[in-house]
Amino acid sequence: MMRRGWAAALVVGVLVVMAAGWLLHQERRAPRPETGDAFSVTGVLSGEEEARGYARVTGPEPLEFPRDHGPHPGYRHEWWYVTGNLTGPDDRHFGYQITFFRFNVDPAAPERESVLATNQVWMAHLAVTDGDGGTFHHAERLSRGAAGLAGARAEPFRVWLDDWTLEADRDDRYMPLRLRAGHDRFSLDLVLDAVKPPVLQGDRGYSRKGSDPGNASRYFSFTRLSTEGVLRLDGMDMEVQGSSWMDREWGTSTLEEGQTGWDWFSIQLDDDRDIMFYHLRREDGTVDPRSKGVLVEADGASRLLSLDDVEIESTRYWDSPLGDVSYPVAWRMRLPAEGLELELSARVDDQELRTGFRYWEGAIRVRGTADGGPVEGVGYAELTGY
Amino acid sequence: MLWRASLRYLRHHPWQLGLALLGVALGVAVVVAVDLANQSAGRAFELSSEALTGRATHQVLGGPAGVPVNWYVSLRREHGIRQAAPVVEGYGELSREPGRVVRLLGIDVFAEQPLRASLGGLVGLEDLGAFLSRADRVVLLATDLQRLGVEPGDSIGLELQGRSRQLVVHGALEPARQTDARGLADVLVMDISAAQELLGREGQLDRIDLVLDDSAAVARVRELLPPGAQLVEAESRNAALREMTRAFQLNLTAFSLLALVVGGFLIYNTMTFSVVQRRPLLGMLRAVGVSRRELFSLVLGEAVVLGLAGTLAGLLLGYALAHVLLELVTRTINDLYFVLSVRELHLAPASVLQGVLLGLGMTILAALSPAREATAVPPRAALSRARLESTVRRRLPGLVLAGTLLAAVAGLLLTAGRGLAPAFAGMFLMIIAWALFVPWLMQLAMRLLAPVLGAVAGMPGRMAARGVEAGLSRTSVAAAALMVAVSAVIGVGVMVDSFRYTFSVWLDSTLRADVYVSVPGEAPLAPGQVEALRNAPEVVGSSTARYVRVVANGDRSRLRVFDLPAELEEGFSFKEGNPETAWRQFRLGEAVLVTEPYAWHRELAVDDRLTLATATGEQRVRVAGIIHDYSTSEGAVVMHRNLYQRWWDDPDVDSVALYFTADTDIEEAGNRLRAATGSDPPLQFRSNRELRRLSLDIFDQTFTITQVLRLLAVVVAVVGVLSALLALTLERSREYAVLRATGMTPGQLWLLVSTQNALVGLVAGLLAIPLGLVMATVLTLVINQRSFGWTMQVLVEPGILLQAVGLSLLAAVLAGLYPSWRMAATPPALALREDTG
């Protein structure tokens, strides 16, 4: 019987060795991220450290419409930036943002035959803030600006990426605008109409950001757009109305060395005044003297606000769940010359867009006094470079 | 103690042991090697299709004109379908690695994220702008770059459609997933616009990969499909591709099993011999109280050890052999089916396990009968071999009966149904059945030969024949092993000859034009070039061809479009259908023809209808005839240009066949036309002779692997015969010693032994002929037909039969040289003594 045991042991041994071999041969299936790096705005532009080859904004130039509603592909970047505060059923507050970014990624791109060939890359961000529910939803899309996948045109006006569109509601005029965009759990279908004419920012639309006159952008805004339509969230359609703000800006270089980012505010007060103001932050913690803004009266008249006209003080901070960034989410803003003392606070603390290009863009509540009497308002804040 | 006895016996018979080991090792090696090669090719296919398909559930495949870019744009823009990625693909060769095909994959990095995350990750590529906007940027796996010795920023040459292109390596792809890291080997990733321009397909896409979550989404896309396009499940498309190679790989596996069967005969032979030799010892063991069961396990245990050792050696040998076979398998798949890059041998545990089980199983199976025999030894009795021989002779009628039954079953399996597996099973049964006839036929042959040999060579001649018969238990196994191997040599040889003959006859009748003009690497000629060629003064006749893929009866099918003058129609031969009416309807665009494999795979007959998805909507058309065609086992639909034009409105031409005036110098005319047509795109001119040679070269290349396996079967057989005859001669030492003692000279004895061996070889060779022919017929008419769908004429070259018999004789004589020399050289007294010990 010993012999049989020996043979059996031999067979078993061989099987064990083979099984072990098999197990060792199995690929280790440790969970690993599937993707490489995310798309980064700086990455897409990194080929050209300098602005050579791009068109530059170097001084005031008359804007021309409808041409300038359309794209300016020779400049490095451009955006159509819409934010708004809406009220739904039961006075429920919502904020929303849709931005179409255009980038020229290769100013020296050769002429090509393929309709898909392009040096234009588009990125769009869509976000909805449920102010009462305390939630924030956002999505990012990327596309090449070719063959009609994404792009913009002046007349009839339209800017789009896939099926996200902002376009003239009627072929023969720019306003009102129709905005349609959605992603998974939320979507917007809004009509926006200008209550006030566009405001040229900076010096007749020339918004200088640095010491070099070319470190500037062309910049104009619709500071108050009446807004109504349908907002859909988690399968529920809600009639909404409110007011929106649209910035149009294009240029080739914005920040220069020493500047790290900006805090930007848009405010619509219930006395029909609108305020835009931004701080360009510097590495040393100071605010760049070129920071500025605008105040628009109820009748549409506007005046420039310089750094000295506006005091802004952060009163509360919030830490990003990713743990590496702390954003201010409440501010005290004073415009002594206008008799305004305002308290700004985020509707929801977490309105950070954690996309390839990370920033905080969120709806804010405005309360305070105007010449001693109470005033309220809505607004948006944008915090970059944190 | 029993094991020590075993060991001692085996040590004293190293030749015996070595040859048996070699037999098992070779058998296992061939099986394992073929399986490893098959598995590696399969694994490479899986990896690459997994990496290239990604998470796609469906694909939209275009007709001849591809999928329009606009349709894709509207899918995203108007219908909000975002999990969609466009693809443009082509094949070329890197200048650094000529002869190795690489895939050019054009993608839109922004669309890849939901489908192929590893490619979607390219949005983070450094200087993405240039990758998008320049027409020459390419990204490869970091490992590929390393192998090629290039770095980002370097340029690499790509041979594509007859042109050399310089591309700039833009970056290295380093996917996080193992699957992608291996499946994307030999893939050149480009921006889709650059790929379009390189391949000359601006404005069109080859396909769109989609992730469709539910049946509603599928239905929606299906509704939107542009005319001529098809929505397929990604899985089923891959499966269909895989299926194409299945028949080929199954054939290889069957051939490899043949080697193992021959190996099995060896084990049987060795074990039986060892039992017979140790009869006195076994009897003694029984007398001292060892039970039958213990003896049974002793012999079986020996076989297991032998089988294990042989199998292990076979695994190592098979692993080495697999490298050679993999190269051949890959080349064949690339030649016949689709582009597949196989860089590594995948050591599939299942293949190894299968090799071990087959090796051990075969050993145990072969040793069962000898082991039983060992237990039959009564205590103390040193039984003579004679008893065994008489047992064998008693069993002869039973063997013949079993053989007859098996042959009947085999016949049934071979004639019924369409399946390939039953056909192979039938073939193996046929072989075994014939092997069962061998002892009886041997006996018959020897009885017939004895008087003849006696008349020719006198007493020694008669003795030789009688000797073979007397050792039937041994000689018949040797003969059967040799016979199976030789019949495989005949069968495979005749099959390849038949195939090649049929193929070349078909080539001759098909390739009638003087010169064929096309763009290398599948691209259409420029319209001006076609005009210039057809209107050249020396051209008296011409035809054009267009090769595309369209949807027929829901399947993607090859469509060949011919613009054929009536007098060239005779080049086609019909398998079914009336050529006259078929051609008339073909010309009028009322019907199409299909090739034989196409009809076989899709079970089509003349008068059946095909539903084609055309650019003008669905069209139904009658099949007017089935024609012989050996260019693709996938099969094709053949259509007249006019009808194609009407349904697809596609003017492109892929190939032009030119007929020159009688006095034209073909080479000169070619040069003239080459100059006249320019190089946009560059054209290749091939004479019919050149094309014929190229086709036959590919054919021969394809069958290299078959020839290699055939050769291996021969090697196994020779080893088998060597071991069988060695056993036989050694066993008869005493008998021969008596002959020597009674005055036979060493030379005479040598002659006697050699004659005996030659007789075995001759009979095996002769017996192999009928089996070989049956095998050839089965391989040609059943296996090949069921595998690939084409029928062939069986062509038997007498040379091959002579060769086979010669081989058999030679193997037997060679195998007998050493034993007979040893016998002749041993002093009789020593031999006599040895035998009793």
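Residues numbered from 1 in each chain as written. Chains lettered and ligands numbered in written order. Predicted model: local features only at pLDDT ≥ 70, side-chain atom pairs only at ≥ 80, totals over all residues. Heavy atoms only, no water.

Asker: Please set out the overall build of chain A residue by residue, giving values where relevant.
Answerer: Along chain A, the regular secondary structure elements total 2 helices and 23 strands. Across the 386 residues in chain A, those meeting the buried criterion constitute 53%. Nonlocal contacts in chain A, meaning residues at least 24 apart in sequence, comprise 57% of its contacts between residues at least 6 apart. In the structure as shown, chain A presents an accessible area of about 16,700 Å², 50% of it carried by carbon and sulfur atoms. (Helix = DSSP H or I, 4+ residues; strand = E, 2+ residues; numbered from the N terminus. Buried < 20%, exposed > 50% of the residue type's maximum accessible area, 1.4 Å probe, protein only. Contact = heavy atoms within 4.5 Å. Areas by Shrake-Rupley, 256 points an atom, 1.4 Å probe, with all protein chains shown as cover.)

Asker: Break down the overall build of chain B for me, with residues and values.
Answerer: When helices and strands are counted, chain B shows 27 helices and 21 strands. Each of the three principal axes of chain B carries a C-alpha extent, and together these read 100 × 60 × 50 Å. Relative to its 837 residues, chain B shows a buried fraction of 58%. Sequence-distant contacts in chain B: of pairs separated by 6 or more residues, those separated by 24 or more amount to 81%. When the accessible surface of chain B is summed, it comes to about 32,500 Å², and 58% of that surface belongs to carbon and sulfur atoms.

Asker: I'd like a rundown of the packing of aromatic side chains, residues and numbers included.
Answerer: One pass over the full model with this rule turns up 29 aromatic pairs over all chains. Measuring from centroid to centroid gives 5.0 Å for Phe157(A) and Tyr174(A), while their planes differ by 70°, and the two rings are edge-to-face. Within this pair, whereas Phe157(A) is found in the loop between β5 (150-153) and β6 (158-161), its partner Tyr174(A) is found in strand β8 (residues 173-183), the two being separated by 17 residues in sequence. Following the ring pairs from residue to residue traces out a cluster consisting of Phe499(B), Phe503(B), Trp506(B), Tyr630(B), Phe699(B), Phe703(B), Phe788(B) and Trp790(B). Just above the ring of Trp160(A) sits the side chain of Arg158(A); from NZ or CZ to the centre is 5.0 Å. Geometry around Trp80(A) places Arg248(A) over its ring, the cationic atom sitting 4.0 Å from the centre. (Phe/Tyr/Trp six-rings, centres within 6.5 Å; stacked < 30°, edge-to-face > 60°. Lys NZ or Arg CZ within 6 Å of the ring centre and 35° of its normal.)

Asker: Outline the pairing of strand β7 (residues 164-170) of chain A, supporting the account with residue identities and numerical values.
Answerer: Residues and elements named next belong to chain A. With 5 of its 7 residues buried, β7 lies for the most part within the structure. Where β6 and β7 come together, 4 bridges link them in antiparallel fashion. Bridged to Trp 160 within β7 is Thr 165. Hairpin connection of β6 to β7: 2 residues between the antiparallel strands, including Asp 162 at a positive phi of 50°. Bridge count for β7 against β8 is 5 bridges, and the pairing is antiparallel. Bridged to Arg 170 within β8 is Arg 173. Hairpin connection of β7 to β8: 2 residues between the antiparallel strands. (Pairing = 2+ DSSP bridges.)

Asker: Summarise the packing of helix α24 (residues 733-741) of chain B against helix α25 (residues 746-788) of chain B; cite the residues concerned and give the values.
Answerer: Residue and element names in this part refer to chain B. For the pair α24 and α25, interaxial distance at closest approach is 10 Å and the crossing angle is 145°. As α24 packs across α25, the resulting crossing turns out to be right-handed. Touching Tyr 736, Leu 739 and Arg 740 of α24 are Pro 746, Leu 749, Leu 752, Val 753 and Gln 756, all from α25. Taken together, the residues of the contact of α24 with α25 sort by class into 6 nonpolar, 1 polar and 1 charged. (Axes fitted to C-alpha atoms, helices over the stretch in contact; angles between N-to-C directions. Left-handed = near helix turned anticlockwise from the far one by under 90°. Nonpolar A, V, L, I, M, F, W, Y, C, P; charged D, E, K, R; others polar.)

Asker: I'd love a proper account of helix α21 (residues 641-648) of chain B, names of residues and values included.
Answerer: Residues and elements named next belong to chain B. Taken together, the buried positions of α21 are occupied by Arg 641, Leu 643, Tyr 644, Trp 647 and Trp 648. Projected down its long axis, α21 shows its buried positions confined to an angular sector of 160°, all on one face. Looking one or two residues past α21, Asp 649 carries a phi angle of roughly 50°, positive in sign. (Arc of directions from axis to C-beta.)

Asker: Provide a residue-level description of the side chain of Asp35(B), including the pertinent values.
Answerer: All names here are of chain B. Here Asp 35 shows up in helix α2 (residues 14-53). Buried charged residue Asp 35 carries no salt bridge. Nearest counter-charge: Arg 242, at 9.5 Å. If we skip the residues at most four places from it in the chain, Asp 35 touches Ser 351 and Gln 354. (Lys, Arg positive; Asp, Glu negative; His and termini not counted. Salt bridge = Lys/Arg side-chain N within 4 Å of Asp/Glu carboxyl O.)

Asker: A description of the nonpolar core should follow, citing residues and the corresponding values.
Answerer: Residues and elements named next belong to chain B. Counting residues in hydrophobic clusters, the biggest one holds 138 residues, and the most contacted among them are Leu 325, Met 483, Ile 490 and Leu 593. Per element, the largest residue contribution to this core is 19 residues, and it comes from helix α16 (residues 420-470). Dropping the residues within four chain positions of it, Leu 325 is found in contact with Ala 33, Val 34, Ala 37, Ile 705, Val 708 and Leu 709. (Core = buried A, V, L, I, M, F, W, Y, C linked by side-chain atoms within 4.5 Å.)

Asker: Any chance you could break down the confidence of the model for chain A for me, citing the residues and the numbers?
Answerer: All names here are of chain A. Per-residue confidence for chain A averages 88 on the pLDDT scale, and 87% of its residues sit at or above 70. In the model of chain A, helix α1 (residues 2-25) stands out as the element of lowest mean pLDDT, 48, in contrast to β6, which has the highest, 98. Here residues 1-7 is a poorly scored stretch, pLDDT under 50, and it has 8 contacts once near neighbours within four places are set aside; other chains count. Every residue in residues 20-36 is under pLDDT 50, and counting partners more than four places away or in other chains gives 17 contacts. (pLDDT = per-residue confidence, 0-100.)

Asker: So, the packing of α2(B) against helix α14 (residues 349-375) of chain B: which residues are in play, and what are the values?
Answerer: All names here are of chain B. In the contact formed by α2 and α14, the axes pass within 9 Å of each other and the chain directions differ by 155°. Relative to α14, the element α2 lies roughly antiparallel. Considering how the two elements wind past one another, α2 and α14 form a crossing that is right-handed. Contacts from Val 24, Val 28, Val 31, Val 32, Asp 35, Leu 36 and Gln 39 in α2 reach Ser 351, Gln 354, Gly 355, Leu 358, Gly 359 and Thr 363 in α14. Classifying every residue of the contact of α2 with α14 by side-chain character gives 6 nonpolar, 6 polar and 1 charged. (Parallel < 35°, antiparallel > 145°, perpendicular 65-115°, else oblique.)

Asker: Break down unusual backbone geometry for me, with residues and values.
Answerer: Along the chain, Glu155(A) connects to Pro156(A) via a cis peptide bond; the corresponding omega equals -10°. Here Pro156(A) lies in the loop between β5 and β6. Asp680(B) connects to Pro681(B) through a cis peptide bond whose omega is -5°. Relative to the helices and strands, Pro681(B) is located in the loop between α22 (666-677) and β21 (684-687). For Asp234(A), which is not glycine, the phi torsion reads 50° and is therefore positive. Summarising the element assignment, Asp234(A) is placed in the loop between β12 (216-233) and β13 (236-251). Given a relative accessible area of 49%, Asp234(A) falls into the partly exposed group.

Asker: Can you explain the pattern of salt bridges? Please cite residues and give values.
Answerer: A complete count under the given rule lists 72 salt bridges over all chains for this structure. The residue Arg358(A) makes a salt bridge to Asp324(A) at a minimum N-O spacing of 2.8 Å. With Arg358(A) in the loop between β21 (352-353) and β22 (359-370) and Asp324(A) in the loop between β18 (311-319) and β19 (326-335), the pair connects residues that are 34 residues apart, well separated along the chain. The exposure class of Arg358(A) is partly exposed, given its relative accessible area of 26%. For Asp324(A), a relative accessible area of 53% corresponds to the exposed category. For Glu538(B), the salt bridge is made with Arg672(B), and the minimal N-O distance between the two is 2.5 Å. Linking Glu538(B) in the loop between α18 (527-534) and β13 (539-552) with Arg672(B) in helix α22, this pair joins segments that are 134 residues apart in sequence. We classify Glu538(B) as buried; its relative accessible area is 10%.

Asker: Quick one: what's the story with the side chain of Glu634(B), residue by residue and with numbers?
Answerer: Residue and element names in this part refer to chain B. For Glu 634, the position within the fold is in the loop between β18 (617-627) and β19 (636-640). Judged by relative accessible area, which is 14%, Glu 634 ranks as buried. A polar atom in the side chain of Glu 634 sits 2.9 Å from the side chain of Arg 549. For Glu 634, the residues in contact, after removing those within four places along its chain, are Met 244, Arg 549, Arg 556, Arg 558, Tyr 598, His 601 and Arg 602. (Polar contact = N/O pair within 3.5 Å; in protein donor to acceptor, adjacent residues only side chain to side chain.)

Asker: Residues and numbers for the pairing of strand β3 (residues 84-94) of chain B, please.
Answerer: Residues and elements named next belong to chain B. Of all 11 residues in β3, 9 are buried, a share of seventy percent or more. Bridge analysis of β3 against strand β4 (residues 101-107) gives 7 bridges, and the strand direction is antiparallel. The residue bridging Val 88 from the neighbouring strand is Gly 106, located in β4. Linking two consecutive strands that pair antiparallel, namely β3 and β4, is a turn of 6 residues; a positive phi of about 90° is found at Gly 99 within it. Pairing geometry for β3 and strand β6 (residues 155-160), over 2 bridges, is antiparallel. For Glu 93, the partnering residue across the bridge sits in β6 and is Glu 159.

Asker: Quick rundown of the environment of Leu63(A)? Include the residues and the values.
Answerer: Residue and element names in this part refer to chain A. On the secondary structure map, Leu 63 appears in the loop between α2 (41-45) and β1 (77-87). According to the relative accessible area criterion, Leu 63 is buried, its value standing at 19%. Sequence-distant contacts of Leu 63, defined by excluding residues within four places in its chain, comprise Asp 68, Leu 200, Arg 218, Phe 220 and Trp 250.

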